[in-house]
Amino acid sequence: MKKPLTYIGAALLSLAMILSGCGSQTSPMADKQSSEVENLAVQQVIAAPVYKRVEVISSPEIAQQLLVEGNRRFTSGTPLSKDFSYTRRSDLMKNGQHPFAIIVSCSDSRVPPELLFDQALGDLFVVRVAGNVVTPVELGSIEYAVEHLKAPLVVVLGHEECGAVTAAVQGGETHGSIAAIIEKLKPAVNEARATGATGKELIEKSTDLNIQDALTDISRSPIVKEGMEAKQVKVIGMKYDLDEGLSNLIKD
Ligand SMILES: [Zn+2]
């Protein structure tokens, strides 16, 4: 078992960059002002707590808790500093990655998993595709992370007001390979429509059912199923609220 790593904060790197200085062609007054700004920056950098976690996490429950806590920091506007230092990058190269969660999310630019779960390098194995659909290609990525990287948690992360789902609901003409995504979303849309839902309710119900469909697709994988039966892997659904910033559990 690997021992937990102590992260050297981004604070040290930033501090080194500040102390090394960026130029010497300024006046004494400018130097003084610059120095005061730098001192303030140093204090802020030193004061900022740095995100750290145990390197290897094998419990799905602990992994889920880390995501919930990270999302809480994100929504409250108190994300922690991240270690992007050479030391950390080098460590990830030498020791390999041990992500604790696989996130299957939409490509939507408003839903970046690392930010909204307040995680750092090496923490999340992310599969992003418009409409967070799971085809054999996405499933292959998930299986790789379960089987080879031993990530204990798989999250299908849908989101409010998804453009891909909305397009599938509206059913207009699609061009190029976009049709493949729309086709994959159709069963969820048809099921939602059968409930009598219309308008925004139909879009959100389709989104929820599409998350369920993705969970079903993932659970059919023999590799994932084996991990689930051994209670080493958990597959859950979450839905991200765009303006509130909350990732709510919708299927455990
Ligand atoms: Zn989307």
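Here the structure is a predicted model, which means the values were calculated and not measured. (Residues numbered from 1 in each chain as written. Predicted model: local features only at pLDDT ≥ 70, side-chain atom pairs only at ≥ 80, totals over all residues. Heavy atoms only, no water.)

K.L.:
I'm lost on the pattern of salt bridges in this one. Help?
P.N.:
Note on pairing: side chains with opposite charge can pair once their charged atoms come close. All chains considered together, the criterion is met by 15 salt bridges. Its salt-bridge partner being K82, residue D118 comes within 2.3 Å of it at the nearest N-O pair. Of this pair, D118 sits in the loop between α5 (113-116) and β2 (124-128) while K82 is found in the loop between α3 (60-75) and α4 (86-95), placing the two residues 36 residues apart along the sequence. Overall, the relative accessible area of 2% leaves D118 in the buried class. Notably, a salt bridge pairs K234 with D252, separated by 3.1 Å at the nearest N-O pair. (Salt bridge = Lys/Arg side-chain N within 4 Å of Asp/Glu carboxyl O. Helix = DSSP H or I, 4+ residues; strand = E, 2+ residues; numbered from the N terminus. Buried < 20%, exposed > 50% of the residue type's maximum accessible area, 1.4 Å probe, protein only.)

K.L.:
What exactly am I supposed to notice about the pairing of strand β3 (residues 153-159) here?
P.N.:
Successive residues of a regular strand alternate their side chains across the two faces of the sheet. With seven of seven residues buried, β3 lies mostly within the body of the structure. Burial of the side chains of β3 extends over both faces: L153, V155, L157 and H159 are buried on one face and V154, V156 and G158 on the other. Across five bridges, the pairing between strand β1 (residues 101-105) and β3 is parallel. In the sheet register, V104 faces β3, and the bridge partner there is V156. Taken together, the seven bridges between β3 and strand β4 (residues 234-240) define a ladder with parallel strand orientation. The partner of L153 across the bridge, within β4, is K234. (Pairing = 2+ DSSP bridges.)

K.L.:
Got a minute to help me understand the pairing of strand β5 (residues 247-251) in this structure?
P.N.:
Two elements, β4 and β5, share four bridges in a ladder whose sense is antiparallel. Within β5, the residue paired with K239 across the bridge is N248. Counting the residues that bridge the hairpin from β4 to β5 gives six residues, and of these G245 lies at a positive phi of roughly 80 degrees.

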